[in-house]
Amino acid sequence: MTVREILKMGDPRLLRVAEPVREFGTPAMDALIADMFDTMHDANGAGLAAPQIGVNLQLVIFGFKDNGRYPDAPAVPQTVLINPVLTPLSDEKEEAFEGCLSVPGLRGSVPRFTRLRYEGVDQHGQRIVREVDGFHARVVQHEVDHLLGILYPMRIVDFSKFGYTQVMFPDLDPDDDD
Ligand code: NI
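Residues numbered from 1 in each chain as written. Predicted model: local features only at pLDDT ≥ 70, side-chain atom pairs only at ≥ 80, totals over all residues. Heavy atoms only, no water.

Caption draft 1: Representation of the UniProt feature "binding site: Fe cation" (unreviewed entry) in the protein within the structure. Sites flagged by UniProt as "binding site: Fe cation" (unreviewed entry) map to Cys100, His142 and His146. Taken along the chain, the residues just named run across 47 residues; in space they keep tight, none of their C-alpha pairs more than 10.3 Å apart. Within the secondary structure, Cys100 sits in the loop between β4 (93-98) and β5 (106-113). Those residues in contact with Cys100 that lie beyond four places of it in its chain are Gln52, Arg69, His142, His146 and Tyr152. Its location among the elements puts His142 in helix α2 (residues 134-147). Looking at His142, the relative accessible area reads 7%, which means it is buried. (UniProt positions renumbered as here; feature names shortened; annotations may be inferred. Helix = DSSP H or I, 4+ residues; strand = E, 2+ residues; numbered from the N terminus. Contact = heavy atoms within 4.5 Å. Buried < 20%, exposed > 50% of the residue type's maximum accessible area, 1.4 Å probe, protein only.)

Caption draft 2: The arrangement of the UniProt feature "active site" (unreviewed entry) in the protein in detail. In this numbering, the UniProt entry assigns the feature "active site" (unreviewed entry) to Glu143. By the secondary structure assignment, Glu143 is in helix α2. Looking at Glu143, the relative accessible area reads 5%, which means it is buried. Every residue in contact with Glu143, bar those within four places of it in the chain, is listed here: Gly47, Leu48, Ala49, Gln52, Val60 and Ile61.

Caption draft 3: Inspection of the pairing of β5 at higher detail. Extensive coverage of β5 is indicated by the burial of seven of its eight residues. Looking at chain direction, β4 and β5 are connected through six bridges and run antiparallel. When the bridges of β5 are listed, Lys93 appears paired with Phe113. (Pairing = 2+ DSSP bridges.)

Caption draft 4: Looking closely at the coordination of the nickel ion. Distances from the nickel ion to its protein donors, Cys100 (SG), His142 (NE2) and His146 (NE2), fall at 2.1 to 2.3 Å. Going along the chain, you hit the donors of the nickel ion in the pattern C-x41-H-x3-H. Of this pair, Cys100 sits in the loop between β4 and β5 while His142 is found in helix α2, placing the two residues 42 residues apart along the sequence. Grouping residues by exposure puts Cys100 and His142 together as buried. (Donors = N, O, S within 2.8 Å, 3.2 Å for Na, K, Ca; no water.)

Caption draft 5: Geometry of the sheet that holds β4. Spatially, three strands are ordered β4-β5-β8 in an open sheet, and the strand pairing comes out antiparallel. Looking along the sheet, the strands with just one partner apiece sit at the ends: β4 and β8 (162-164). Along the sheet, successive strands turn relative to each other by an average axial angle of 25 degrees, direction set aside. Pairing of β5 with β8, which is carried by three bridges, proceeds in the antiparallel orientation. Opposite Leu106, over in β8, you have Tyr164 as the bridge partner. Lying over the sheet, α2 contacts β4 and β5, oriented at roughly 105 degrees with respect to β5. (Axes fitted to C-alpha atoms, helices over the stretch in contact; angles between N-to-C directions.)

Structure follows, in structure tokens:
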């Protein structure tokens, strides 16, 4: 088990546009994905993008059955998504609070497309095509933004809904947001 250091906001490596993955099923790729899951689970995260551990590739992971950082969120299937393309299925957006392992201790309300299709491949090069909504759609948009060098505070419209988790959500376990 290898828990990698998660880069924090302000690190310029979080602001890069990630490169496409061109090789699948290599030992290096398998090790990277294993490290990403170890790192995400260690931090109780709902998702993690490779650039967050300093690897500039179009690779994100996400998924959980239940998550202490988002106690009201429905389960999202454990997913490895490589070279993703997102297509909104309507213009409708909704706002909800998000956090990020690269922005510890804070939450902000972010508008996201309510419904979208995402496409890409998994770690074996198998095609993934899903149409999702709600929290699942939100997680995917948040993670894929990391591949574009975008952190969620850059998407906030109403900054009156941006603040410290402990202040705005005092019932959340602070261990879930360090
Ligand atoms: Ni994030």
